[in-house]
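Listed here are the chains, written in short residue letters.
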Amino acid sequence: MATQKFLWVCELNKDQPSKIWKAADIMELEDDEDTDFVLNSLILKTAVLGAKAVESERNLVAVKAKGYQDTEFEQPVFSLTLGRNDVISGMDLTLANDHNAEIEFKLVEGTGPVFITCNHVIELPEQEEHPTIMTASDGDLEESVAEEEEEEMEEEVEEENKKTKGKKNGNAKNGAKNGKVANGKNGEHVNGTNGKKEDSEIEEKPTKRKRN
């Protein structure tokens, strides 16, 4: 799985006391079915009071989410009071770990402003596992396959040409050897030794005469 991390932030105040994080509204996928292959996690990191917070006022923040078997619950997660604890950090609280989760932050007490920082972690399958997640379009994929097939055909033709050329060279070499033998030993024998014998016989024949 390929992992990517992003920051996700929000502000809660008296005018906007709640904020919803929904992975489907953030990500843009080529196919709706791709959500089944993407895992989204939201990890709460820090929360801090803003400059306009009221002295000694308690700001209680709760989280509304779905748990096991889609059971919905709402639970306070932290409290901030100006002058006592203005910031909270290092929580690393995983609030969502699902394909299409939804988390709601609610300021249930106080007027804020409260600034919340989270990590949005996206886990994607590798490209070969799910091609529709890839940046390449279907046309690019088809073109790539066609190019691979064309290269394979060219390699086969080249290999066949090499084999044919090798056979021709072999036949030419065999022909050259046979030619040397015919014009060599056989030629010398016919035109050499045999030739001389025939000439001597022809010369001797006229000298032989019968006596009366």
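As shown above, the structure is provided for reference.
Right, let's walk through the structure included here. Source: prediction; values computed, not measured.

Looking along the chain, the bond that leaves Gly112 and enters Pro113 is cis, with omega of 0°. Here Pro113 is to be found in the loop between β8 (102–109) and β9 (114–124). For Ser56, which is not glycine, the phi dihedral falls at a positive 65°. If you trace the backbone, Ser56 turns up in the loop between β3 (39–49) and β4 (58–66). Look at Ser56 and you get partly exposed, because its relative accessible area is 49%. Backbone geometry places Asp92, a non-glycine residue, at a positive phi of 50°. In this structure, Asp92 sits in the loop between β6 (87–88) and β7 (93–98). The exposure class of Asp92 is partly exposed, given its relative accessible area of 44%.

Here we take up the side chain of Thr81. Its place among the elements puts Thr81 in strand β5 (residues 72–81). Owing to a relative accessible area of 7%, Thr81 belongs among the buried residues under this scheme. If sequence neighbours within four positions are ignored, Thr81 has contacts with Leu49, Ser56, Glu57, Arg58 and Asp86.

A few words on the nonpolar core. One finds Trp21, Leu42, Phe78, Ile103, Phe105, Val114 and Ile116 to be the most contacted residues of the largest nonpolar core, which totals 25 residues. Broken down by secondary-structure element, the contributors of at least two residues to this core are β1 (2–12), β3, β4, β5, β7, β8 and β9.

The next subject is the pairing of β4. Sheet topology places β4 next to β5; nine bridges connect them, and they run antiparallel. Bridge assignment links Ala62 to a residue of β5, and that residue is Pro76. Taken together, the five bridges between β4 and β8 define a ladder with antiparallel strand orientation. Paired with Val63 across the two strands is Phe105, which belongs to β8.

A few words now on the sheet that holds β4. Taken together, four strands build an open sheet; the order of strands is β2-β8-β4-β5 and the sheet is antiparallel. Each having just a single partner strand, β2 (18–22) and β5 make up the two edges of the open sheet. Within this sheet the neighbouring strands show an average axis-to-axis angle of 20°, counted without direction.

Oppositely charged side chains may form a pair once their charged atoms are brought near each other. Under the counting rule described, the total for this entry stands at five salt bridges. Linking Lys64 and Glu72 is a salt bridge whose minimum nitrogen-to-oxygen distance equals 3.7 Å. Relative accessible area serves as the criterion here: at 28%, Lys64 is assigned to the partly exposed category. The salt bridge partner of Lys106 is Glu74, with a shortest N-O separation of 3.3 Å. Highlighted residues: Lys106 in strand β8 and Glu74 in strand β5, separated in sequence by 32 residues.

Moving on to a nonpolar patch on the surface. A cluster of nonpolar side chains, namely Val48, Val87 and Phe115, defines an oily patch on the protein surface of about 230 Å² accessible area. For Phe115, the position within the fold is in strand β9.

How each quantity is defined
- Residues numbered from 1 in each chain as written.
- Predicted model: local features only at pLDDT ≥ 70, side-chain atom pairs only at ≥ 80, totals over all residues.
- Heavy atoms only, no water.
- Helix = DSSP H or I, 4+ residues; strand = E, 2+ residues; numbered from the N terminus.
- Buried < 20%, exposed > 50% of the residue type's maximum accessible area, 1.4 Å probe, protein only.
- Contact = heavy atoms within 4.5 Å.
- Core = buried A, V, L, I, M, F, W, Y, C linked by side-chain atoms within 4.5 Å.
- Pairing = 2+ DSSP bridges.
- Axes fitted to C-alpha atoms, helices over the stretch in contact; angles between N-to-C directions.
- Salt bridge = Lys/Arg side-chain N within 4 Å of Asp/Glu carboxyl O.
- Patch = residues over 30% accessible without salt bridge, like charges linked within 9 Å, V, L, I, M, F, W, Y side chains within 5 Å.
- Areas by Shrake-Rupley, 256 points an atom, 1.4 Å probe, with all protein chains shown as cover.

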